[in-house]
Amino acid sequence: MAEIQLDKLTKVYSDGTKALSDFDLEVADGEFVVFVGPSGCGKTTALRMIAGLEPITDGTVRIGGEVVNTLPPKDRDVAMVFQNYALYPHMSAFDNMAFALKMRGVDKPEIERRVTSAARTLGLTEVLKKKPRTLSGGQRQRVAMGRAIVREPRAFLMDEPLSNLDAKLRVEMRAEIARIQRDLGVTTIYVTHDQVEAMTMGDRVCVLRGGYLQQAATPQELYDRPVNLFVAEFIGSPAMNLVQVELRDGRVRLGDQELAVPEAVRGARPGLAAYEGKEVVVGIRPEDVEDAAFARNGGGRLTVEVDIREDMGSEVFAHFAVDAKAVQTREVLEAMEEEDVSEAVRERARRGVPFIARLERGTRAKEGEPLEIAVDTSRLHFFDPESGLAIY
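Residues numbered from 1 in each chain as written. Predicted model: local features only at pLDDT ≥ 70, side-chain atom pairs only at ≥ 80, totals over all residues. Heavy atoms only, no water.

### Focus: the overall build of the protein chain
Point 1. A tally of helices and strands in the protein chain yields eleven helices and 20 strands.
Point 2. Dimensions along the principal axes, computed over C-alpha positions, put the protein chain at roughly 75 × 45 × 45 Å.
Point 3. By residue count, 49% of the 392 residues in the protein chain fall in the buried class.
Point 4. Sequence separation of at least 24 residues holds for 73% of the intrachain contacts in the protein chain that already meet a minimum separation of 6.
Point 5. Looking at the protein chain as shown, the accessible area adds up to about 18,600 Å², and 49% of this sits on carbon and sulfur atoms.
Point 6. Separation of charge centres in the protein chain, based on 52 positive and 63 negative side chains, amounts to 7 Å. (Helix = DSSP H or I, 4+ residues; strand = E, 2+ residues; numbered from the N terminus. Buried < 20%, exposed > 50% of the residue type's maximum accessible area, 1.4 Å probe, protein only. Contact = heavy atoms within 4.5 Å. Areas by Shrake-Rupley, 256 points an atom, 1.4 Å probe, with all protein chains shown as cover. Lys, Arg positive; Asp, Glu negative; His and termini not counted. Charge placed at Lys NZ, Arg CZ, Asp CG, Glu CD.)

Shown next, in the form of structure tokens:
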């Protein structure tokens, strides 16, 4: 096992495309770190550079304190697990797991010990003699993991290993991978585009965008204290609701309604004082909104008209619009200029800013009817409308 250190890691392709820029990170010995972000953000490129599968343009990769920039993949003592299982179809599960050890000349008793031990950990003991075609998707993924585990590497590098599984298996396997990593205590970097997967698995989560690291923090810190608008919107499902409003006398107005910003919130965010009389971006998570009839908090009240009610069984998603200014980020402006944005979306934007509330299943919310909602104002988020940075 070993720590992994990335210092100003940069990747520029021959055509000038910059896939990763000045990526700094320290992964502690035994830590489980997840890279997450949209397609093309640089997360897989970073992983492949650590593994030695992608040349480094600039910066340094250290594994166990050793600079490995020029070392070939086989000499870095890391094991990769890909989304494509890449199992040999003519070999049994045992032989697939043992193959790399045989190529290294490990003696048979040691191979037997390692494969048997990994099979017990992964619940594969009963299928070791079977060929991949007779195994389920989850079993094939376990075999691929077993092939990495038996090498007893200093670190695991996993590139979206669950993307080929159905939803139910993904939930089961992400819990399984987290358990196995915890039991083995091996330093692990895991790449995914699924923020729910990232939040449930990682000790820390690194959010990337456009080749730049936005924030590296524990899942709870990412949720509670996002550093900018991108992280705020990306983390959480459904996404955080955002509006651009004026802050005046410790209140924010939404049309002819208003929410008072609690004194405790202003005290915890002294930077807000500089925005008095100016516009700020206010973020409200869907789970911080309740049907006022069930309200457990003493926050602000708003009356809205429900556009869509989505019954999810254990909860209800209510969609409505609030009378406020939409956040004018570059991405929003570009999207509104695209021809494929439907007229329905444009009309809804003209009526107000779309909001989602995550309500109790007993809510009275009905489509086309008014509903009084309670907003937990103690959990409001604030961002600078120009820079997009959080205000603290």
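After that view, the rundown keeps rolling.
### Comments concerning unusual backbone geometry
Point 1. The linkage connecting Ser237 with the following residue, Pro238, adopts the cis geometry, with an omega of -5°.
Point 2. When you line up the elements, Pro238 lands in the loop between helix H8 (229-234) and strand E11 (241-248).
Point 3. Non-glycine residue Asp77 carries a positive phi angle of around 60°.
Point 4. One can find Asp77 in the loop between strand E5 (66-67) and strand E6 (78-81).
Point 5. For Ala86, which is not a glycine, the phi torsion comes out positive at approximately 55°.

### Comments concerning the pairing of E6
Point 1. Burial of E6 is two-sided: the residues Val78 and Met80 facing one way and the residues Ala79 and Val81 facing the other way are all buried.
Point 2. Note: E6 against strand E7 (residues 155-159), four bridges, orientation parallel. Among the inter-strand pairings, Met80 is bridged to a residue of E7, identified as Leu157. (Pairing = 2+ DSSP bridges.)

### As for the sheet that holds E5
Point 1. Read from one edge of the open sheet, four strands run E2-E1-E4-E5, paired in antiparallel fashion. Of all the strands in the sheet, just strand E2 (18-27) and E5 have a single pairing partner and so form its edges.
Point 2. Each of strand E1 (4-12), E2 and strand E4 (58-63) touches helix H1 (residues 43-51); the most contacted strand, E1, lies at about 115° to it. (Axes fitted to C-alpha atoms, helices over the stretch in contact; angles between N-to-C directions.)

### Some points on the nonpolar core
Soluble globular proteins tend to pack their nonpolar side chains together in the buried interior.
Point 1. Met97, Val115, Met145, Ile177, Tyr190 and Val207 are the most contacted members of the largest nonpolar core, which has 47 residues in total.
Point 2. Beyond its immediate sequence surroundings of up to four residues, Val207 is in contact with Val36, Tyr212, Leu213, Gln214, Gln215, Leu222, Phe230, Val231, Phe234 and Ile235.
Point 3. The next biggest cluster of nonpolar side chains, apart from the first, holds 31 residues, and it includes Val252, Leu254, Val304 and Ile391. (Core = buried A, V, L, I, M, F, W, Y, C linked by side-chain atoms within 4.5 Å.)

### Concerning the pattern of salt bridges
Point 1. Scanning the model with the defined rule gives 27 salt bridges in all.
Point 2. When the shortest N-O distance is used, the salt bridge between Arg154 and Glu66 registers 3.8 Å. Of the two residues, Arg154 sits in the loop between helix H4 (137-149) and E7 while Glu66 sits in strand E5, which places them 88 residues apart along the sequence.
Point 3. You can call Arg154 buried: its relative accessible area is 17%.
Point 4. Overall, the relative accessible area of 36% leaves Glu66 in the partly exposed class.
Point 5. Arg358 is paired through a salt bridge with Glu287; the nearest N and O atoms lie 4.0 Å apart. Here Arg358 is found in strand E18 (residues 353-360), whereas its partner Glu287 is found in the loop between strand E14 (279-284) and strand E15 (289-291), with 71 residues between them in sequence.
Point 6. Arg358 gets classed as partly exposed once you look at its relative accessible area, which sits at 27%.
Point 7. Judged by relative accessible area, which is 27%, Glu287 ranks as partly exposed. (Salt bridge = Lys/Arg side-chain N within 4 Å of Asp/Glu carboxyl O.)

### Comments concerning the packing of aromatic side chains
Point 1. Taken as a whole and assessed by the stated rule, the structure comprises five aromatic pairs.
Point 2. Look at Phe230 and Phe234: their rings are 5.5 Å apart centre to centre, the planes differ by 20°, and that puts the pair in the stacked class. Of the two residues, Phe230 and Phe234 are both situated in helix H8; the distance of four residues between them amounts to about one turn of the helix.
Point 3. Above the plane of the ring of Tyr223 lies Arg285, whose end atom (NZ or CZ) is 4.2 Å from the centre. (Phe/Tyr/Trp six-rings, centres within 6.5 Å; stacked < 30°, edge-to-face > 60°. Lys NZ or Arg CZ within 6 Å of the ring centre and 35° of its normal.)

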